[in-house]
Amino acid sequence: MPQPAGPCAGCHISRAAAQANWQGLLLAHLERHKNYPRAARKRQEQGTSLLRFRMDRSGRVLSYALAGSSGYEALDAEVLAMIERAQPLPPLPAEITEAVVEIVVPVQFALR
């Protein structure tokens, strides 16, 4: 006879799904606030900066810094300006129970 699932049998799956959905919302939100610096475009500068930040449950950014450089000062500076403009960030879903989370996201600048 099969045993009934415990009360948290699906907790890991629902938390992972909620986190993935929220991360997608977060990345789209940041992308909407990103500006490709005009001078960097003219110089055909491309690259990916890594942005590390801590945020609270409501989406307020508590601290931020570059975790990795794109190799171009203008692009890196834009990433720091972007996180300022993007506040508040999408709030954490209920499935993520931490009061504060630290995240590292890649911010890509590519000419099409």
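Predicted, not measured: the structure shown is a model, and the values here were computed from it. (Residues numbered from 1 in each chain as written. Predicted model: local features only at pLDDT ≥ 70, side-chain atom pairs only at ≥ 80, totals over all residues. Heavy atoms only, no water.)

## Section: the packing of aromatic side chains
Here comes step 1: Counted under the stated rule, the structure contains one aromatic pair.
Here comes step 2: For the ring pair tyrosine 36 and phenylalanine 109, a centre distance of 5.3 Å and an interplane angle of 80° mean the geometry is edge-to-face. With tyrosine 36 in the loop between helix 1 (11-32) and helix 2 (38-42) and phenylalanine 109 in strand 3 (residues 100-109), this pair connects stretches of sequence that are 73 residues apart. Assigned by exposure class, tyrosine 36 and phenylalanine 109 land together as buried.
Here comes step 3: Across the ring face of phenylalanine 109, the terminal group of lysine 34 is positioned such that the distance to the ring centre comes to 5.0 Å. (Phe/Tyr/Trp six-rings, centres within 6.5 Å; stacked < 30°, edge-to-face > 60°. Helix = DSSP H or I, 4+ residues; strand = E, 2+ residues; numbered from the N terminus. Buried < 20%, exposed > 50% of the residue type's maximum accessible area, 1.4 Å probe, protein only. Lys NZ or Arg CZ within 6 Å of the ring centre and 35° of its normal.)

## Re the pairing of strand 2 (residues 61-68)
Here comes step 1: Bridging between strand 1 (residues 47-56) and strand 2 involves six bridges; their strand directions are antiparallel. Looking at the pairing, arginine 52 lines up with alanine 65 of strand 2.
Here comes step 2: The antiparallel pairing of strand 1 with strand 2 creates a hairpin that spans four residues between the two strands, and glycine 59 there sits at a positive phi of about 100°. (Pairing = 2+ DSSP bridges.)

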